[in-house]
Amino acid sequence: MKAPPFAYVRARSLGEVFDLLEHHGESARLLAGGQSLLASLNMRLAAPELLIDITHIAELSGIEVRGRKIRIGALATHAEIQRSAEIARHLPLLSQAAPHIAHVAIRNVGTFGGSLAHADPAAEWPACCVVLDAQFVLRSRAGTRRVAAREFFQGLYATALRPNEILAQVEVAATGTNWRSAFVELSRRRGDYATVGVAALARKSARGVLSDLRVAFLGVGPAPALARASMAALEGKRVSADTIAAAGEALGQDLEPSADLHAAASTKLHLARVITGRALTALAA
Amino acid sequence: MRRKKEIPLEHAPEITVTVNGTIVTRRVPARRHLIDFLREELGLTGSHTGCEHGVCGACTVRVDGRIVRGCLMLAVQADGRRVDTIEGLSDSGELGELQEAFHRRNALQCGFCTPGMLLAAQDLVAGHPDASRSEIREHLSGNYCRCTGYQAIVDAVEDVLAARRKST
């Protein structure tokens with residue numbers, strides 16, 4: 001189908017965006033890559049009166065490394081992150097997750113910030129940001145505030161963003177050389193929405209012992225959440241058939257999957273256990 | 001109190017796009033997709049409109065050298081940019097080897113997916129000449145074909161990559 005009619009403004013500065021948001025309130029939507037927004041407009045699931053194109057605001061773009069801190073602009077595309085040597089060096093989890101996001105033609109346009117602000121329960125970046133303990137930089141006329149990824153995602157397509165705010169960038173500390181990460185996702189067709197996926201990160205000792213383990217799932221709940229019981233089952237342990245089984249067992253406490261078009265709840269829980277085993281094996285490798 | 005500015009909202013902004021090397025200036029409704037702009041305003045009907053929500057890849061075109069979904073981009077977003085379609089890339093000869101291989105391998109039946117498939121395949125041929133068969137499949141995963149079952153398409157792309165490796 002075709003999108004319903006709307007007005008369009010190409011904003012030149014954040015100040016202009018704040019003016020427009022103030023003036024139009026919730027009848028306006030921000031347009032970045034538009035890879036989710038335009039699909040929902042085409043399907044008439046949304047009908048904003050105004051689209052504010054933010055893609056020409058330079059300060060929202062780019063990937064920047066300052067010491068141990070990586071700053072990813074909201075407008076960085078999935079493809080930019082996938083190609084970035086800096087990301088591969090400092091935040092390998094993001095490099096591992098990027099190829100799972102939709103397809104090449106969509107990764108070329110869709111943005112990091114757009115995906116996070118949209119907060120689709122099957123999206124890859126939210127789970128990665130939760131695991132990486134990322135800080136989201138939210139800007140508004142009133143100033144700047146920082147919200148941790150774990151507080152940012154509040155439910156199905158629901159975030160801590162206020163109506164007058166824009167997600168400007170994300171700050172993440174580089175994962176050190178003794179850390180290991182893994183991203184595993186299952187979907188019917190490569191690049192389709194995940195049936196279930198997992199992002200995992202841990203510190204690994206020379207003896208192969210995992211600590212500070214962080215595991216978060218996508219596609220199983222309304223928002224990404226840490227799998228705390230599983231993490232506790234693995235903390236301070238080596239990866240083995242026994243610890244994988246214990247982590248899988250504990251997932252029963254962590255996850256309450258709901259059925260969707262792809263799979264029944266019990267299938268999702270089973271698949272979550274399968275990919276947890278794969279992710280842990282990858283961490284240990 | 002801060003003065004409220006009047007904000008100009010455009011329902012049909014004027015855009016200038018370089019389409020297959022030709023500079024085109026038009027006024028387009030904001031809601032018009034790039035694919036409909038190309039097909040209906042410019043008569044470039046080689047790129048197809050399929051699912052219209054980003055799943056099938058029939059509308060794949062190139063914007064500033066990178067493949068995109070024509071149904072998930074507004075024409076106004078292409079303002080100031082370069083757009084290349086199957087028509088331009090066929091005329092320039094860039095797709096010649098792939099087109100020949102698709103023909104030889106029977107990699108199309110109805111042909112509806114072919115323009116998008118060729119653009120996605122060329123993106124791989126140009127950017128990843130060492131791609132394995134599974135990498136070809138992965139790269140083309142965003143393009144649906146409902147006739148051939150993909151084997152012949154993957155064969156054709158593999159042929160082109162192999163021929164290129166041989167000649168260098």
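Residues numbered from 1 in each chain as written. Chains lettered and ligands numbered in written order. Predicted model: local features only at pLDDT ≥ 70, side-chain atom pairs only at ≥ 80, totals over all residues.

1. Digging into the overall build of chain A
Then, number 1: Along chain A, the regular secondary structure elements total 12 helices and 13 strands.
Then, number 2: The globule rule puts the C-alpha radius of gyration for 285 residues at 19 Å, and the 19 Å found for chain A is close to it.
Then, number 3: Structurally, chain A occupies a C-alpha span of about 60 × 45 × 30 Å along its principal axes.
Then, number 4: By residue count, 50% of the 285 residues in chain A fall in the buried class.
Then, number 5: Pairs at least 24 apart in sequence give 63% of the contacts found in chain A among residues at least 6 apart. (Helix = DSSP H or I, 4+ residues; strand = E, 2+ residues; numbered from the N terminus. Rg over C-alpha atoms; globule rule 2.2 N^0.38 Å. Buried ≥ 20, exposed ≤ 12 C-beta atoms within 10 Å, placed from the backbone. Contact = placed C-beta atoms within 7 Å.)

2. Details of the environment of His 128 of chain B
Then, number 1: Relative to the elements of secondary structure, His 128 of chain B occurs in the loop between α4 (114–127) and α5 (133–139).
Then, number 2: In this structure, the C-alpha to C-alpha distance between His 128 of chain B and His 139 of chain B, residues 11 residues apart in sequence, is 9.9 Å.

3. Some thoughts on unusual backbone geometry
For residues other than glycine, phi is negative in most cases, and the peptide bonds are mostly trans.
Residues and elements named next belong to chain B.
Then, number 1: Residue Glu 52 is not a glycine yet carries a positive backbone phi of 60°.
Then, number 2: The backbone of Tyr 150 shows a phi angle near 75°, a positive value even though the residue is not glycine.
Then, number 3: Locating Tyr 150 in the fold gives a position in the loop between α5 and α6 (151–167).

4. Quick word on the sheet that holds strand β11 (residues 179–186) of chain A
Residue and element names in this part refer to chain A.
Then, number 1: Strand order in the open sheet formed by 3 strands is β11-β12-β13, with antiparallel pairing between adjacent strands. In this open sheet, the two edge strands, each paired with only one partner strand, are β11 and β13 (210–218). Taking each pair of neighbouring strands and ignoring which way they run, the sheet shows an average axis angle of 10°.
Then, number 2: Across the face of the sheet, helix α12 (residues 265–284) comes into contact with β11, β12 (196–204) and β13 while running at roughly 30° to β12. (Pairing = 2+ DSSP bridges. Axes fitted to C-alpha atoms, helices over the stretch in contact; angles between N-to-C directions.)

5. Focus: the packing of α4 of chain B against α6 of chain B
Residues and elements named next belong to chain B.
Then, number 1: Between α4 and α6, the least distance of the axes is 11 Å, while the angle of their chain directions is 35°. For the pair α4 and α6, the sense of crossing is right-handed. Contacts from Met 117, Ala 121, Leu 124 and Val 125 of α4 reach α6 at Ile 153, Val 157, Val 160 and Leu 161.
Then, number 2: Considered class by class, the residues forming the contact of α4 with α6 number 8 nonpolar, no polar and no charged. (Left-handed = near helix turned anticlockwise from the far one by under 90°. Nonpolar A, V, L, I, M, F, W, Y, C, P; charged D, E, K, R; others polar.)

6. Some words on the interface of chain A and chain B
Then, number 1: Each partner contributes to the interface: chain A provides 30 residues, whereas chain B provides 28 residues.
Then, number 2: At the level of elements, β1 (7–10), α1 (14–24), α2 (37–42), β3 (50–53) and α6 (104–107) of chain A are the ones that each hand at least two residues to the side of chain A that touches chain B.

7. Section: the domain arrangement of chain B
Residue and element names in this part refer to chain B.
Then, number 1: The domains assigned to chain B are domain 1 (14–89) and domain 2 (94–167).
Then, number 2: A C-alpha centroid distance of 22 Å is found between domain 1 and domain 2.
Then, number 3: Counting residues at the interface gives 13 residues for domain 1 and 13 residues for domain 2.
Then, number 4: Looking at the side of domain 1 that touches domain 2, the elements with two or more residues in it are β3 (60–63) and α2 (86–91).
Then, number 5: Looking at which element gives the most residues to the side of domain 1 that touches domain 2, the answer is β3, with 3 residues.
Then, number 6: Taken together, the residues of the side of domain 1 that touches domain 2 break down into 7 nonpolar, 5 polar and 1 charged. (Domains from an automatic or database assignment.)

8. Here we look at the domain arrangement of chain A
Residues and elements named next belong to chain A.
Then, number 1: Assigned domains of chain A: these are domain 1 (7–53), domain 2 (60–173) and domain 3 (179–284).
Then, number 2: When each unit is reduced to the centre of its C-alpha atoms, the spacing between domain 2 and domain 3 is 21 Å.
Then, number 3: Contact with domain 2, which involves 22 residues of that partner, is made by 21 residues of domain 3.
Then, number 4: Broken down by secondary-structure element, the contributors of at least two residues to the side of domain 2 that touches domain 3 are α5 (92–97), α8 (124–132) and β8 (153–155).
Then, number 5: Counting residues per element, the side of domain 2 that touches domain 3 draws most heavily on α8, at 7 residues.

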